[in-house]
Amino acid sequence: MNMDRFKLPSFGKATATHHPPDMSNVDTRPKKLMVANSPNNSYALANVIAVHPSDFQDNIYILIDNLFVFTTRHAADIQPGTIGLNGNQRTWGGWSLNQEIQARGFDLFKYSGKHSYLGTMDMEISFRTRGKAVNTPFDQDELALHFAKTFESQIFSPTQYLIFEFKGFIFDINIRNIQSIDLGDVDPVAPISTGIETKGILTKQTQLNFFKGRDGLVNLKSNNSLRPRSDAVIRSDFKFEDLGVGGLDKEFTKIFRRAFASRIFPPAVIEKLGISHVKGLLLYGPPGTGKTLIARKIGTMLNAKEPKIVNGPEILSKYVGSSEENIRNLFKDAEAEYRAKGEESSLHIIIFDELDSVFKQRGSRGDGTGVGDNVVNQLLAKMDGVDQLNNILVIGMTNRKDLIDSALLRPGRFEVQVEIHLPDEKGRVQIFEIQTKKMRENNMMDKDVNLQELAALTKNFSGAEIEGLVKSASSFAINKTVNIGQGSTKLNQKDIAKLKVTREDFLNSLNEVTPAFGISEEDLKTCVEGGIIRYSEKVDAILKHGERYVRQVSESDKSRLVSLLIHGPAGSGKTALAAAIALQSQFPFIRLISPNELSGMSESAKIAYIDNTFRDAYKSPLNILVIDSIETLVDWVPIGPRFSNNILQVLKVALKRKPPQDRRLLIMTTTSTYSVLQQMDIMGCFDNEIAIPNMTSYDEFNKVMVDSGFLDDNGRVAVVNQLSSVCPQFNCGIKKALTNIETARHDEDPVNEIIELMANSSA
């Protein structure tokens, strides 16, 4: 092995001549030994294990239980057949005193090949005794020099625990990760490993990086501007998939880039850039998409103090000044540490859930107390006031970003704003994989379950709704094993052993769990209960026009918003045709705004309902809104106060407001009072119009009777002949015709009854 030159990954080139223990004559056959305590502190501080000369040679590597490597040192007071391990070594290996272990000589070069030396090693350092912690700053370069001198030639692995003495202080060291390299041919981008199976020999040229341990009590400093931060907030072994949050890869990347990337860089580099760290991160989006879950999990990805999690309403208090004091108390620890340590202070994270419930736009509450405004002012002052803190990160979560005071959203406060969308199909597959992980690992899910298929069937499902779907499917599977009798419930043990969640269980659960931002199928299907009767070529033409607009919205790069006015006489089938076009589109979000839902609401409640429905329509990639009978929605009447101008103005704005860049919306609005809409000056809000006429021929009416299964051929001929003689000009809406047919069907003389009814309707 060529060991003449050794190039460090970060600090350039150096010359190294290193001589590890000679393992050529070492017996590598396994031996069984009993665990004993280390003879004295010198063995613990040197990170060696005590062995009897009859068991192993002095200063060689041995492998315990095929995983843990140590260096030996002879001890006169250790008994043959025993091995002396200190407390940290026993903790790392999970051994107890007097436990039997297996040990053998270990040749790292046969195990690792050329990559047997340590290029870099990251370590967490903590005071062994918290009561003896001091604020004295410890120089990282001095620590690294002393560490290399003390433990040179020893083998280290990630997760290893050891004791380290420096200037009279005793520290616990935990190895985070290592980079194993070849001394003669260093790969500057050699992978960093966090697995215990990776091992390497420490040399004087190994780059040693110290980081604050979980307690954050060791005050580290460095004059080397290229050293990483000693309090890097992101754990080096962190992986996004470990969070168990699916479908948010892009969002996590943005969060990391904006909020955390600057905090893992050396402070000297950030100082040269002349920037400060981001202090506020706002997560917003529909309920159930994972905002709170991200905040809950964010502590696991950070090497920082435990986050303070506050539910918004908990801040408010009935006592004067108490609410503001609650805000100040959240920042008190961060302020004290920043005064003591400055830029070396640890990161303090404060998480606000339901942010909009407390930090509303100032002046909007109207309660006369001013408490809400004072709370907003207090948070503004703490986040970016006169006494600026650079060691805080405030994370807020809300479903209604529009309600939050605008001053909180500017740079310096919640400047990083990340929308947590409803997951796309790829994201839903990830969520299903996470939610069914245990089910699949324990062979509790049938092979006929296809997660890709389920992801395709769950358009507009949030992460929480997918979790509910999995629970529902499990309940269907469990129900098969339960026999509910009269007064007793029996479990069939054989069925329990064979329990599996099947595809059928998931399909059943899809009927039980529906997305909040999905398709209002019940309302839409009510509009087309009898189906679409194609009594004329005009109906086919209207449906084709509708399909064309659906394609335009879904495919065109320039048509994020298309607004249609569907107008015609009352009962001509406008709502049914609009509902049919919407249902055939297969868009993930389809919603109906009808007078039935707004009946009895106050004007302000109607405005809020309309506004919220439009906001919901921007949360899915493809959306359709059917606004039924717009003249009724604006409270139009032919006499008295004609209409609600406030509702009209809200609708005007909403009909013309384009959705976000990656969202598309088709609006279909129906009306029976075309001239009234012209007077209201709302026609300019529509891109196109579709006219729905009444039936105007007896041939069309005959087709309706045929489709409805009304009378036989002779009966229908008699009806048409008599009607045409009574009313030569036929004009009737499809809705009225169908109602008349159903009425006549139950009469003793259906032929004469339908003639009379249709004559009156056509007249």
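Treat the numbers as computed from the prediction; the structure is a model and nothing was measured.

Procedures and definitions
- Residues numbered from 1 in each chain as written.
- Predicted model: local features only at pLDDT ≥ 70, side-chain atom pairs only at ≥ 80, totals over all residues.
- Heavy atoms only, no water.
- Helix = DSSP H or I, 4+ residues; strand = E, 2+ residues; numbered from the N terminus.
- Contact = heavy atoms within 4.5 Å.
- Areas by Shrake-Rupley, 256 points an atom, 1.4 Å probe, with all protein chains shown as cover.
- Pairing = 2+ DSSP bridges.
- Axes fitted to C-alpha atoms, helices over the stretch in contact; angles between N-to-C directions.
- Phe/Tyr/Trp six-rings, centres within 6.5 Å; stacked < 30°, edge-to-face > 60°.
- Buried < 20%, exposed > 50% of the residue type's maximum accessible area, 1.4 Å probe, protein only.
- Left-handed = near helix turned anticlockwise from the far one by under 90°.
- Nonpolar A, V, L, I, M, F, W, Y, C, P; charged D, E, K, R; others polar.
- Polar contact = N/O pair within 3.5 Å; in protein donor to acceptor, adjacent residues only side chain to side chain.
- Core = buried A, V, L, I, M, F, W, Y, C linked by side-chain atoms within 4.5 Å.
- Domains from an automatic or database assignment.
- pLDDT = per-residue confidence, 0-100.
- Expected span 1.5 Å × (residues − 1).
- Arc of directions from axis to C-beta.
- Salt bridge = Lys/Arg side-chain N within 4 Å of Asp/Glu carboxyl O.

1. Focus on the overall build of the protein
At step 1: Counting its regular elements, the protein contains 27 helices and 28 strands.
At step 2: If you take every contact in the protein between residues at least 6 apart in sequence, the share linking residues at least 24 apart comes to 77%.
At step 3: For the protein, the accessible surface area stands at approximately 36,200 Å², while carbon and sulfur atoms represent 49% of it.

2. Structural notes on the sheet that holds strand S28 (residues 688–691)
At step 1: The strand order across the open sheet formed by 5 strands is S25-S26-S27-S24-S28, and the pairing between neighbours is parallel. What marks the edges here is a single partner per strand, and that holds for strand S25 (589–593) and S28. Here the strands of the sheet are splayed against their neighbours by 20° on average, with no regard to which way each runs.
At step 2: In the sheet, strand S24 (residues 561–567) pairs with strand S27 (residues 664–671) via 7 bridges, with the strands oriented parallel. Bridge assignment links Ile566 to a residue of S27, and that residue is Thr670.
At step 3: Across the face of the sheet, helix H18 (residues 574–585) comes into contact with S24, S25, strand S26 (622–627) and S27 while running at roughly 165° to S27.
At step 4: Contacting S25, S26 and S27, helix H20 (residues 603–616) crosses the sheet at an angle of about 165° to S25.

3. As for the packing of aromatic side chains
At step 1: The final tally for this structure, using the stated rule, is 23 aromatic pairs.
At step 2: Between Phe151 and Phe164, the aromatic rings sit 6.0 Å apart at their centres with planes inclined by 55°, giving tilted as the arrangement. Highlighted residues: Phe151 in helix H4 (residues 140–151) and Phe164 in strand S12 (residues 161–166), separated in sequence by 13 residues.
At step 3: Phe151 gets classed as buried once you look at its relative accessible area, which sits at 0%.
At step 4: Residue classification places Phe164 among the buried residues on the basis of a relative accessible area of 0%.
At step 5: Plain terms: the ring middles of Tyr698 and Phe730 are 4.7 Å apart, the flat faces sit at 45° to each other, and that makes the pair tilted. One end of the pair, Tyr698, is in helix H24 (residues 698–708); the other, Phe730, is in the loop between helix H25 (713–726) and helix H26 (734–745), with 32 residues separating them in the sequence. Each member of the pair, Tyr698 as well as Phe730, carries the same accessibility label: buried.
At step 6: Aromatic rings pair up to connect Phe127, Phe138, Phe147, Phe151, Phe156, Phe164, Phe166, Phe169, Phe171 and Phe210 into one cluster.

4. Quick notes on the packing of H25 against helix H27 (residues 750–762)
At step 1: Here H25 crosses H27 at 35°, and the two axes come no closer than 10 Å. Crossing handedness for the pair H25 and H27: right-handed. Where H25 approaches H27, its residues Ala718, Val719, Gln722, Leu723 and Val726 are matched on the opposing element by Val751, Asn752, Ile754, Ile755, Met758 and Ala759.
At step 2: Residues that form the contact of H25 with H27 fall into these classes: 9 nonpolar, 2 polar and no charged.

5. Focus: the side chain of Thr72
At step 1: Secondary-structure assignment places Thr72 in strand S6 (residues 68–74).
At step 2: We classify Thr72 as buried; its relative accessible area is 2%.
At step 3: A distance of 2.8 Å separates a polar atom in the side chain of Thr72 from the backbone oxygen of Gln57.
At step 4: The contacts of Thr72, once residues within four sequence positions are left out, are Ile49, Val51, Phe56, Gln57, Asp58, Asn59, Ile60 and Ile62.

6. Examining the pairing of strand S7 (residues 82–85)
At step 1: With burial as the criterion, each face of S7 is covered, one bearing Thr82 and Gly84 and the other bearing Ile83 and Leu85.
At step 2: As paired elements, strand S3 (residues 31–37) and S7 share 4 bridges and run parallel to each other. Following the sheet pairing, Ala36 is matched in S7 by Gly84.
At step 3: The sheet contact formed by strand S4 (residues 48–51) and S7 spans 2 bridges and is antiparallel.

7. Side note on the nonpolar core
The nonpolar side chains of a soluble globular protein tend to be buried, and buried together.
At step 1: Membership of the largest hydrophobic core comes to 50 residues, with the highest contact counts inside it found for Leu666, Met668, Phe701 and Ile754.
At step 2: Ranked by residue count, the leading element in this core is H18, at 7 residues.
At step 3: Each of domain 5 (521–691) and domain 6 (698–761) gives at least three residues to this core.
At step 4: In this structure Ile754 touches Phe701, Phe710, Val719, Asn740, Ile741 and Ala744, once residues within four positions along its chain are discounted.

8. A closer look at the confidence of the model for the protein
At step 1: In this model, the protein carries a mean pLDDT of 84, and residues with pLDDT of at least 70 account for 89%.
At step 2: Of all secondary-structure elements in the protein, the lowest mean pLDDT belongs to strand S1 (residues 5–8), at 35, while S7 reaches the highest, 95.
At step 3: Throughout residues 1–17 the model reports pLDDT below 50, and contacts reaching past four residues in sequence, or to other chains, amount to 48 contacts.

9. Digging into H4
At step 1: With 12 residues, H4 should cover 16 Å at 1.5 Å per step; its first-to-last C-alpha distance of 16 Å lies within 8% of that length.
At step 2: Within the span of H4, buried status applies to Gln140, Leu143, Ala144, Phe147, Ala148 and Phe151. Looking straight down H4, one finds that the buried residues subtend no more than 125° of arc, so they occupy a single side. Seen from the open side of H4, the exposed residues pointing more than 90 degrees away from its buried face are Leu145 and Lys149.
At step 3: Between a side-chain oxygen at the N-terminus of H4 and the backbone nitrogen of Asp141 the separation is 2.9 Å; the capping residue is Asp139.

10. What to know about the sheet that holds S3
At step 1: If you trace the 6 strands once around the closed barrel, you get S3-S7-S4-S6-S5-S8, paired in mixed fashion. Between one strand axis and the next, the sheet turns through 45° on average, direction left out of account.
At step 2: For S3 and strand S8 (residues 100–105), the ladder comprises 4 bridges, and the chain directions are antiparallel. Counted as the bridge partner of Lys32 is Gln102 from S8.

11. Description of unusual backbone geometry
At step 1: In this structure, Asp635 takes a positive phi of about 60° despite not being glycine.
At step 2: Along the chain, Asp635 turns up in the loop between helix H21 (630–633) and helix H22 (645–656).
At step 3: With a relative accessible area of 31%, Asp635 lands in the partly exposed category.
At step 4: Residues other than glycine seldom take positive phi values, yet Leu711 does so here, at roughly 65°.
At step 5: Note on placement: Leu711 falls in the loop between H24 and H25.
At step 6: Judged by its relative accessible area of 25%, Leu711 is partly exposed.

12. Description of the environment of His348
At step 1: By the secondary structure assignment, His348 is in strand S19 (residues 348–353).
At step 2: The sequence separation of His348 and Glu337 amounts to 11 residues, and the corresponding C-alpha distance is 9.6 Å.
At step 3: A polar contact is formed between the side chain of His348 and the side chain of Glu337, at a distance of 2.7 Å.

13. As for the pattern of salt bridges
At step 1: Counted by the stated rule, this structure contains 18 salt bridges.
At step 2: The salt bridge partner of Asp540 is Arg534, with a shortest N-O separation of 2.6 Å.
At step 3: Since its relative accessible area comes to 28%, Asp540 is described here as partly exposed.
At step 4: Classification of Arg534 by relative accessible area gives partly exposed; the value is 47%.

14. Considerations on the pairing of strand S13 (residues 169–181)
At step 1: Across the 13 residues of S13, 10 count as buried, placing the element largely inside the fold.
At step 2: The pairing of S12 with S13 spans 6 bridges and is antiparallel. In the strand pairing of S13, Phe166 is matched with Phe169.
At step 3: From the end of S12 to the start of S13, which pair antiparallel, there are 2 residues, and Lys167 there has a positive phi angle of about 55°.

15. Points about H26
At step 1: If you check H26, its first and last C-alpha atoms are 16 Å apart, about what 12 residues at 1.5 Å a residue would give, namely 16 Å.
At step 2: By the burial criterion, the buried members of H26 are Ile734, Ala737, Asn740, Ile741 and Ala744. On an axial view of H26, the arc spanned by its buried residues comes to 125°, and they lie on one face.
At step 3: On the buried face of H26, the contacting elements are H24 and H27.

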